[in-house]
Amino acid sequence: MKLDPRRWVEELYRKHGHAVLRRARRLLGDPDDARDVMQDVFLEIYTNRDRFDGRSSVATYLYSMTTHACLNRLRNGRTRTRLVAIEIGARSGISAAGVESRALAHEILAALSPDDAALAVYLHCDELTHDEVASLIGCSRRYVGDLAKRLRDRIEELEPMRGCA
Amino acid sequence: MICVSELAIDRLLAGELGDLEADATRHHAAHCARCRDLLDDAEAAAAAFDAARPALRLPRRAGYGAAAVAAFAAAAAVAIMMWPRDDAATRTKGRPILGFFVSHAGEVRRGGAHELVMPGDQLELVTTTVDSGWLAVVSVDGAGVRSVYVEPRPIAAGREQVVPLAIVLDGTLGSETVTGVFCPTAFDPAAPPADCTFDRFTIDKVPR
């Protein structure tokens, strides 16, 4: 039975809104920005609902959408590229070197393409398995391995450039 | 088992993991402080969200932002003011009339019975009444889904008064009936009182 699109999105929101909001809060670190992103994600689903083809699970689809929405906001907005700084800093327990690492993370994330930035988040912030990343971006596990290597190379290219600025 | 990701926790809470995988995840979390914290946090966030869920803001119909709708409303208002009056509307004495205009590809036209429309077209509603009162507009689309296009709102008396809400048509094809419910006072559109009157039109939505 075909659901009314509005009801379908509202039902998605009731069931999965908390996960979208939690992830956006985690990535953005700002409750107001997170709520805005959550609204944007569900509005995007409502507007372009034909794009959800059911190949991935709803939770996986929303996880990916939320990540991209947060990265876009970080890239464009006032909270620019705090994401990796927050995550890498927190996970590494960096103190004295923390500021330096955060600055590096900011610059690297900002220099990556949107897809590479999302991949960096999945692999280095979320520590997802290659299987999970494959389900998020809709490709094979092996291809994720190739992407991860390419990403490492790209990050290594970027790091020395900092000294040239 | 290795530590679980937040994605795995999302899928667990969404009921998307199989029984074995879900049991393994919960078992692991019970014995791993990091994963237990992640799961506890996620469950607490879900409970807090359910207890105080922010309102979801969706457009009335799919596909267009508020700016586009407002722009259409302004353009349509001008077009409607300039439009020659419909004889059928002016002939009717006393009975409220719900009329409409269609915007398609930037052009506005007056809508008629079984008007052919397409997904993404926008409707602008107009009312003609002798007395001021209240209006709600409900629709039953080609899939049989009922939507309230216009919640009860006061309307002024007069000919072809523009209802200041543009409706963007979604992708459900087929015949859609739009009914205006005219009442003297505020009312519940699900159960309009006996002194309300109705006027309706039908549009036929075809693919682009």
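So, here is what we can say about the structure in this document. Since this is a predicted model, take the numbers as computed values, not measurements.

### Here we look at the interface of chain A and chain B
No. 1: Listed per partner, the contact involves 36 residues of chain A and 34 residues of chain B.
No. 2: Here chain A meets chain B over a buried area of about 2,900 Å², counting both sides, of which 59% is carbon and sulfur.
No. 3: Sorting the residues of chain A by area buried against chain B places His18, Arg22 and Gln39 of chain A first, and these three jointly supply 22% of that buried surface.
No. 4: Here chain A and chain B share 3 salt bridges between them.
No. 5: Salt-bridge contacts for Asp10 of chain B lead to Arg22 of chain A; the nearest nitrogen and oxygen are separated by 2.6 Å.

### Some remarks on the state of the cysteines
All names here are of chain B.
No. 1: The final tally for this structure, using the stated rule, is 1 disulfide over all chains.
No. 2: Each sulfur of the disulfide joining Cys183 and Cys196 lies 1.9 Å from the other. With the S-S bond torsion at 115°, the cross-link from Cys183 to Cys196 turns out right-handed. Taken together, the residues Cys183 in strand β8 (residues 174-183) and Cys196 in the loop between β8 and β9 (197-205) connect sequence positions 13 residues apart.
No. 3: Among the residues examined, Cys183 registers a relative accessible area of 5% and is labelled buried.
No. 4: Distance from the sulfur of Cys32, which forms no disulfide, to the nearest cysteine sulfur (Cys35) is 3.7 Å.

What counts as what
- Once a new chain begins, its residue numbering starts again from 1 and follows that chain's sequence as written.
- Note on labels: chains are lettered from A, ligands numbered from 1, in written order.
- Confidence filtering applies because this is a predicted model: local features only for residues at pLDDT of at least 70, side-chain atom pairs given and counted only at 80 or more, and all residues used for totals across whole chains, interfaces and linings.
- To obtain the side-chain values, all non-hydrogen atoms of the structure were used and water was disregarded.
- Contacts were defined at the residue level, with two residues in contact if any of their heavy atoms lie within 4.5 Å.
- Throughout, the accessible surface (probe 1.4 Å) given up by two parts as they are put together, summed over both, is called the buried area.
- Here a salt bridge means any side-chain nitrogen of Lys or Arg lying within 4 Å of a carboxyl oxygen belonging to Asp or Glu.
- The definition used for a disulfide is geometric: two cysteine sulfur atoms within 2.5 Å.
- Strands here mean DSSP runs of E at least two residues long; helices mean DSSP runs of H or I at least four residues long; both are numbered from the N terminus.
- When accessible area is computed with a 1.4 Å probe and restricted to protein chains, residues below 20% of their type maximum are described as buried, those above 50% as exposed, and intermediate ones as partly exposed.

Keep in mind these numbers describe shape, not what the thing actually does.
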